[in-house]
Amino acid sequence: MKIKLWINNKVYEDHVEPDTMLLDYLREKGFKSVKCGCDTTNCGVCTVYLDGKTVLSCSVPVVRADGHRVTTLEGVAKEAEEFARFMAAQGAEQCGYCSPGFIMNVLAMAKELKKPTEQEIKEYLAGNLCRCTGYEGQYRAIRNYLGATRANYQLFEKGEVIEGVR
Amino acid sequence: MYTIQGYEKVKSLEEAYELNQKKSSAVFGGGMWLRLGNRAIGKAIDLSDLGLDKIEETEEAFIIGCMTSLRDIECHEGMNRYFHGMMKETLRGIVGTQFRNTATLGGSLYQRFGFSDPLTAFLALDTTIEMYAGGRIPLDEFVSMDYDRDILVRVHVKKNGRKAAYQSFRNTKTDFPVLSVGVSRLDSQWKITVGARPARAVVAENSGKLSEILSENLMKEASEAAIRQFASAVSEKVRFGSNMRASSEYRRILSEILIYRAVRDVLSQSEEGKM
């Protein structure tokens, strides 16, 4: 089938099989940040944006992206790097396998929720699994990132010391 | 993983219906569950170009297109305001935001999955399913019908002042529910639905019994005990099964608690004077 789509603002025209998944297509085109983690449609590693909305690219046939805009981590490198510094400051990562999908969802959340509460953050990101940490480092990184990048937003209590704040 | 021979973004429902008469065809909703199977699909029928991904609110109803994502329903202000946050409560536990951006209401309701949170919730409301050939079918009937080769087009939820609440229990967040419960009240009629039994959701009660019980037990403590007793009696009538997540006995006990909580929720909405 013939398709035309935009990946990180660059146009791609191709012939694809109807059962080729967006995940596999993106990897084939060299977007290696997009990975499959669970094979059961729930770990969140393969998260990309389809017309600005987060989707699991493992379960979207690429023909569905025909005529649409796809964004991968490579397309938001600047924002991703900014957030990644907060992650590193917390030593939040161990193996790092889940980070691309996680960062994509954090950036989507930061765009969608103005001043999220702890509960809202955890609920928004519940579909991103990390099997080596306990999410605490990531959570601290998000608090610090949101605290630093938007005005009048403090998620943590006054006087609470967050180690590693830049 | 499934295989697909041909993929058709249909231009009309008529075309979709024609294509779907072949057994090897499959209507492609979100494709989330389909991915976990090994089906060989001759023709995947994609309805996404038909503008059926929207929620329309009229004086009498919410009309939800079959391709509307679970996430859009979860975040829909009008529906959440009308049903007191029930949509959010029903959908927020399903896998993750990315999943709910893709999974569709039509897919979840048509398949009548036992684990379907929306099936249990919408069954508690005044919901009719609009099928392309079959016309409007009350969800109460649709839930126990066999699969056919028709196309689910829209879901209509009446705005008739019904108060409703949803409860589910999960072993871990984002997992399938171990049990789900919907409770609603229209005047003196109380409707109670139980899903993830683990079989398909059922209407466990639809009567004025609870209203009678409550009018006989006006004191707070008496009414508490009466609601618990009622929840227990309703749960006794439901058939539960066992699977890897829980035993049937455990589900029955959960059912009593979840019915009780949802009834309390509906009563507290009524006490806010929004009857």
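Note on numbering: residues in each chain are counted from 1, in written sequence order. Naming scheme: in the order in which they are written, chains are lettered from A and ligands are numbered from 1. Thresholds applied to this predicted model are a pLDDT of at least 70 for local features of residues and 80 or more for the giving and counting of side-chain atom pairs; totals over whole chains, interfaces and linings are not thresholded and use all residues. The basis for every side-chain value is the complete set of non-hydrogen atoms in the structure, without hydrogens or water.

- As recorded in an unreviewed UniProt entry, chain B goes by CO/xanthine dehydrogenase FAD-binding subunit and comes from Frisingicoccus caecimuris.

- As recorded by an unreviewed UniProt entry, chain A carries the name Carbon-monoxide dehydrogenase small subunit and is attributed to Frisingicoccus caecimuris.

## Concerning the domain arrangement of chain A
Residues and elements named next belong to chain A.
Next up, step 1: Residue ranges for the domains trace back to a domain assignment, done automatically or taken from a database. When cut into domains, chain A gives domain 1 (2–74) and domain 2 (76–157).
Next up, step 2: Computed over C-alpha atoms only, the centres of domain 1 and domain 2 are separated by 23 Å.
Next up, step 3: Across the domain 1/domain 2 interface, buried area totals approximately 1300 Å², and carbon plus sulfur atoms make up 60% of it.
Next up, step 4: Two parts placed together each lose some accessible area; with a 1.4 Å probe, that loss summed over both constitutes the buried area. On the domain 1 side of the interface with domain 2, the three residues burying the most area are K35, Y49 and L73, jointly 43% of the side's total.
Next up, step 5: Across the side of domain 1 that touches domain 2, the residue classes break down as 6 nonpolar, 8 polar and 2 charged. Asp, Glu, Lys and Arg are counted as charged, while Ala, Val, Leu, Ile, Met, Phe, Trp, Tyr, Cys and Pro are counted as nonpolar; the rest, among them Gly, fall into the polar class.

## Quick look at the domain arrangement of chain B
Residues and elements named next belong to chain B.
Next up, step 1: If you check the domain split of chain B, you get domain 1 (2–46), domain 2 (55–158) and domain 3 (163–274).
Next up, step 2: Distance from the C-alpha centre of domain 1 to the C-alpha centre of domain 2: 20 Å.
Next up, step 3: Here a residue-residue contact requires only that any non-hydrogen atoms of the pair lie within 4.5 Å. Counting from both sides, the interface comprises 16 residues of domain 1 and, opposite them, 13 residues of domain 2.
Next up, step 4: For the domain 1 and domain 2 pair, buried surface summed over both sides reaches about 1300 Å², with 72% attributable to carbon and sulfur atoms.
Next up, step 5: Looking only at domain 1, the three residues that lose the most surface to domain 2 are L13, Y17 and M32, adding up to 43% of its buried area.
Next up, step 6: Any Lys or Arg side-chain nitrogen located within 4 Å of an Asp or Glu carboxyl oxygen qualifies as a salt bridge. Scanning the region where domain 1 abuts domain 2 turns up 0 salt bridges.
Next up, step 7: A 3.5 Å cut-off defines polar contacts: any pair of N or O atoms within that distance qualifies, except that in protein one atom must be a possible hydrogen donor and the other a possible acceptor, and neighbouring residues in sequence count only when both atoms are side-chain atoms. For the interface between domain 1 and domain 2, the tally reads 4 residue pairs in polar contact (both at pLDDT 80 or more).

## A closer look at the interface of chain B and chain A
Next up, step 1: At the interface, 30 residues of chain B touch 30 residues of chain A.
Next up, step 2: Each partner contributes to the roughly 2300 Å² buried at the junction of chain B and chain A, and carbon and sulfur atoms together form 47% of this total.
Next up, step 3: Its largest share of buried area at the contact with chain A, chain B owes to Y7, R35 and Q98 of chain B, together 30% of the area lost on that side.
Next up, step 4: At the junction of chain B with chain A, the criterion picks out 6 salt bridges.
Next up, step 5: The partner of E112 of chain A in a salt bridge is R71 of chain B, and the shortest N-O contact between them spans 2.8 Å.
Next up, step 6: Here the side of chain B that touches chain A takes 6 residues from strand 1 (residues 3–9) of chain B, the largest share from any one element.
Next up, step 7: For the side of chain B that touches chain A, the per-class residue count stands at 10 nonpolar, 13 polar and 7 charged. A helix here means a DSSP run of H or I that spans at least four residues, while a strand means a run of E at least two residues long, and both kinds are numbered starting from the N terminus.

## Overview of the environment of F176 of chain B
Residue and element names in this part refer to chain B.
Next up, step 1: Of note, F176 is situated in the loop between strand 9 (163–169) and strand 10 (179–186).
Next up, step 2: Measuring from C-alpha to C-alpha, the distance between F176 and D117 comes to 8.6 Å, with 59 residues separating the pair along the chain.
Next up, step 3: If we ignore the near neighbours within four places in the chain, the residues touching F176 are W33, F115, R170 and R245.

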